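What the coordinates show
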Amino acid sequence: MKQALLELMRMNRICRMVLATCLGSFILVIFYFQIIHRNPFAPDACCRKGSRNALQELYNPTQLEYSSTAILHQMRRDQVSDTCRAYSASSRKRRVLTPSDLKHLVVDEEHEMIYCYVPKVACTNWKRVMMVLTGRGKYSDPMDIAPNEAHIPSNLKTLNQYTIPEINHRLKSYLKFLFVREPFERLVSAYRNKFTRKYNTSFHKRFGTKIVRRHRKNATQEALHSGSDVKFEEFVGYLIHPTTQKEEPFNEHWQTVYSLCHPCHIRYDLVGKYETLEEDSNYILRLAGVIDYLRFPTYAKSTRTTDEMTAEFFQNISSHHQTQLFELYKLDFLMFNYSTPSYLKLD
């Protein structure tokens, strides 16, 4: 009888221990989910419309096959940060940005993303994509949107249209991305588009006439009036001339990326590259949760400016002018990990 009583008491203690363990585990589970609910980057945190936003998906990917891509973009972010630190004096000429500095940052409220567009880096197609993302069903295929329509300012909302608190909130909470391109390839692309196409009369009048007047000896009256036959050497002379940027900032088509998007003041989460345009673009659309119905347009332009073509344009540029031009775009080369072109003859 005594043995049975002892056995009963032992079983009672075991039951209490099991019950306490189960209760403790239950409390820990509740505590875990409370932490997840408070942590915006936790794997299953709720956000708008019952799903994670793009920023959460980037820094805490649910699909392991994309973790290597996330590491690649972390390396690109580190490259930008390291360059900003190394060249802090020249990369941070101003401590604070004003709303007017943010006119290139397109906002997508629905998917909580901000895109800084850089002309001559597939910005027409990315603006088309942003119009689909922000159009609330008005558009479904980016390529149905005319190129000129994509560049109408009222079709997309930019960050400079918000109040200061709204700007700060979006810069902190939204996924921010931009696309870059080899700087001199982008520069030659801008020259070819704006100065060798007959339809770009506005650029010929505004910039071409000024370039011809300053950098061409014995210019004809026709050239002075139309500005439609600017040579690449004259364009380079205009860019490196000391008075050019004192008179007005560079036009956005040949302005540096660090001056357009301010990557030393704004921490971009993704730096896409023109060389891996389709892959990087669709990765962003996957993060936004729209890849099942929206992909980046895929078509190859036969007139695209290539590295080989860029090298040909630089053949007639003196080594002194090449060196001066490289200094203008040096930060873009360094920030975005582009090597010095082999065709350059630097002093």
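Refer to the structure above for everything that follows.
**Examining the nonpolar core**
Counting 91 residues, the largest nonpolar core has W126, F177, F184, F235 and W254 as its most contacted members. Sort the elements by how many residues they give to this core and helix α5 (residues 123-134) lands first, with seven residues. Leaving out residues up to four positions away in the same chain, F184 has contacts with T310, F314, L325, F326, Y329, F333, P341, Y343 and L344.

**A short note on the layout of surface pockets**
Regions of empty space are outlined by a rolling probe, equal in size to a water molecule, passed over the atoms. Counted as a void, the largest pocket has a volume near 1,300 Å³. Around the largest pocket, the lining is made up of 46 residues, and of these K120, A122, C123, T124 and K301 lie nearest the centre. Within the residue set of the lining of the largest pocket, elements represented by two or more residues are α5, α6 (147-150), α8 (183-195) and α14 (277-287). Here the lining of the largest pocket takes five residues from α5, the largest share from any one element. Taken together, the residues of the lining of the largest pocket sort by class into 18 nonpolar, 15 polar and 13 charged.

**Re the state of the cysteines**
What the rule picks out here adds up to two disulfides. Paired through a disulfide, C116 and C261 show a sulfur-sulfur distance of 2.0 Å. Judged by the sign of its S-S torsion, about -90°, the bond between C116 and C261 is left-handed. Of this pair, C116 sits in strand β2 (residues 113-116) while C261 is found in helix α13 (residues 257-261), placing the two residues 145 residues apart along the sequence. Comparing C116 with C261, the two get one shared label, buried. Across the chain, the disulfide pattern expressed with sequentially numbered bonded cysteines is 1-4, 2-3.

**Things to note about the sheet that holds strand β4 (residues 270-273)**
Read across the open sheet, the four strands follow the order β1-β2-β3-β4; overall the sheet is mixed. For this open sheet the edge positions go to β1 (105-108) and β4, each flanked by a neighbour on one side alone. Sheet twist, expressed as the average angle between the axes of neighbouring strands with direction ignored, equals 25°. As judged from the four bridges shared by strand β3 (residues 175-180) and β4, these two strands associate in the parallel manner. Note that in β4 the partner of V180 across the bridge is K273.

**Notes on the pattern of salt bridges**
Under the defined criterion, the tally for this structure stands at 13 salt bridges. Note that D280 and R76 form a salt bridge whose closest N and O atoms lie 3.0 Å from each other. Within this pair, whereas D280 is found in helix α14, its partner R76 is found in helix α3 (residues 67-86), the two being separated by 204 residues in sequence. Take R76: its relative accessible area is 13%, and that puts it in the buried class. For E248, the salt bridge goes to R206, with nearest N and O atoms at 3.4 Å. With E248 in the loop between α12 (244-247) and α13 and R206 in helix α9 (residues 201-215), the pair connects residues that are 42 residues apart, well separated along the chain.

The rules behind each value
Residues numbered from 1 in each chain as written. Predicted model: local features only at pLDDT ≥ 70, side-chain atom pairs only at ≥ 80, totals over all residues. Heavy atoms only, no water. Core = buried A, V, L, I, M, F, W, Y, C linked by side-chain atoms within 4.5 Å. Buried < 20%, exposed > 50% of the residue type's maximum accessible area, 1.4 Å probe, protein only. Helix = DSSP H or I, 4+ residues; strand = E, 2+ residues; numbered from the N terminus. Contact = heavy atoms within 4.5 Å. 1 Å grid on protein atoms, 1.4 Å probe; cavity = no way out; pocket = protein on both sides within 12 Å on 5 of 7 lines; lining within 4 Å. Points joined across faces, edges and corners; volume = space filled by probe spheres on them. Nonpolar A, V, L, I, M, F, W, Y, C, P; charged D, E, K, R; others polar. Disulfide = S-S within 2.5 Å. Pairing = 2+ DSSP bridges. Axes fitted to C-alpha atoms, helices over the stretch in contact; angles between N-to-C directions. Salt bridge = Lys/Arg side-chain N within 4 Å of Asp/Glu carboxyl O.

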